[in-house]
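Examination of the molecular architecture
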Amino acid sequence: MDLIFLGTSSALPTTKRNHPSIALKAFGEVMLFDCGEGTQRQMARIKLSPMKVDHIYLTHLHGDHFLGLPGMIQSMAFRGRKEPLHIYGPEGTIKTVQAIKDLGYYALSFPIHAYEVIKGVILETDNYVIECCPTHHSVLNLAYSVEEKRSPKFLREKAIALGLKPGPDFGKLQNGIPVELNGELIQPEQVLGEKRRGRKIVYSGDTIPCQELVKFASNADVLIHESTYESSQEKKALENGHSTTTQAAEIAKKAKVFELILTHISTRYKNSGYLRKEASQVFREVTVAEDFMTIPVERHNL
């Protein structure tokens, strides 16, 4: 499970930071969170194909967070994509996606499904659950969480003690399927340990500090939080619906997350080390995201 930062700037791109976008490589797929202008070129530079993206999650509809979609969609069509593309976002997403589909002259070769979401579970598969939560920005913004589903530990010795032999029956029980032994039905719960919590990633989008995000990010392995300004600019951050380094760190501390990654950095800051130093005075495990940075998501909960 790897997080790849394709764009880490706020509002305007720079020579070193592109508009916001984060790719998550996990569960055999690539999902995108936000899709700022130039995202597909960023992907090309690291040989990450947009054709592998089936789900895109937009935090809000400020241009720097979604204007990479028109080019990416047209490029997918040019390459002959057939698989559906699913785009999730706040109110206004359906209208925005329709406008993108109607933009210019090109043949759309695949279906695009747009969903307007606001809170709770928005997608669940056999491997993971995605939820969203509204936060506080100048427009409606959604934070997203990705939580891995993790199977209980298989108690091999207990299975053997019941008379089972290593082989296909072990696999069936691990997958929740009962097996028969000498006319008796062995239930999965007889050889499985307690439920285990999988890895959890939370991305704030653009927001001022809020209690909703503290609750939403509780005990996350990774919190990706916007940090548009340094701590001395707290008033300006509030006026514009953003957070400072230390405010993001306070959220991480209150939520008891394991790692904080700061992104959405104002163009005024050339030295990310200074921003990290500020945040780390409040919360120890801090990284300031840079474009093309790849961060493996470690499992902290056994």
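Data block above holds the structure.
The structure displayed is predicted, hence computed values, not measured ones.

Turning our attention to the pairing of strand S12 (residues 196-203). In terms of residue burial, S12 counts as a mostly covered element, since six of its eight residues are buried. Bridging between strand S9 (residues 142-150) and S12 involves six bridges; their strand directions are antiparallel. Within S12, the residue paired with Val146 across the bridge is Ile201. Here S12 runs beside strand S13 (residues 222-226); their pairing, made up of three bridges, is parallel. Its bridge partner being in S13, Tyr203 is matched across the sheet by Ile224.

Axis separation between helix H8 (residues 245-255) and helix H9 (residues 272-280) bottoms out at 8 Å; the angle between their running directions is 45°. One finds that H8 runs oblique with respect to H9. Where H8 crosses over H9, the handedness of that crossing is right-handed. On the side of H8, the interface is formed by Thr245, Thr246 and Ala249, while H9 contributes Leu275, Glu278 and Ala279. For the contact of H8 with H9, the class distribution of residues is three nonpolar, two polar and one charged.

Bringing the packing of aromatic side chains into the picture now. Counted by the stated rule, this structure contains six aromatic pairs. Summarising the aromatic geometry, the rings of Tyr88 and Tyr115 are spaced 4.6 Å apart at their centres and angled 20° between planes, so their arrangement reads as stacked. Placement of Tyr88 in strand S5 (residues 85-89) and of Tyr115 in strand S6 (residues 112-116) is noted, with a sequence separation of 27 residues between them. The exposure class of Tyr88 is buried, given its relative accessible area of 5%. Owing to a relative accessible area of 29%, Tyr115 belongs among the partly exposed residues under this scheme. The rings of Phe33, Tyr57, Tyr88, Tyr115 and Tyr144 are connected pair by pair, giving a single aromatic cluster. A cation over a ring is seen here: Arg81 above Phe110, with NZ or CZ 5.4 Å from the ring centre.

Rules and cut-offs
Throughout, residues of each chain are indexed from 1 in the direction in which the sequence is written. Side-chain atom pairs in this predicted model are given and counted only at pLDDT of 80 or more, local residue features only at pLDDT of at least 70, and totals for whole chains, interfaces and linings cover all residues. Values shown for side chains rest on all heavy atoms present in the structure; no hydrogens or waters enter the calculation. Relative accessibility thresholds used throughout: buried, under 20% of the residue-type maximum; exposed, over 50%; partly exposed, between the two (1.4 Å probe, protein chains only). Secondary structure elements follow DSSP: runs of H or I of four or more residues count as helices, runs of E of two or more count as strands, with numbering from the N terminus. Pairs of strands are assigned from DSSP output, requiring at least two bridges between the strands. To get an axis, fit a line to the C-alpha atoms, keeping to the stretch in contact for a helix; angles then go from 0 to 180 degrees between the N-to-C directions. Between 65 and 115 degrees an angle is taken as roughly perpendicular, under 35 as roughly parallel, over 145 as roughly antiparallel, and anywhere else as oblique. Less than a right angle of anticlockwise turn of the near helix away from the far helix marks a crossing as left-handed, whereas a clockwise turn marks it as right-handed. Contacts are residue-level and defined by heavy atoms, with any inter-residue pair within 4.5 Å sufficient. Each residue gets one label: Ala, Val, Leu, Ile, Met, Phe, Trp, Tyr, Cys and Pro are nonpolar, Asp, Glu, Lys and Arg are charged, and the others, such as Gly, are polar. Here is the rule: rings of Phe, Tyr and Trp (six-membered ring for Trp) pair when centre to centre is within 6.5 Å. Planes less than 30 degrees apart are stacked, more than 60 are edge-to-face, and the remainder are tilted. In our convention, an over-ring charge means Lys NZ or Arg CZ found within 6 Å of a ring centre and within 35 degrees of that ring's normal.

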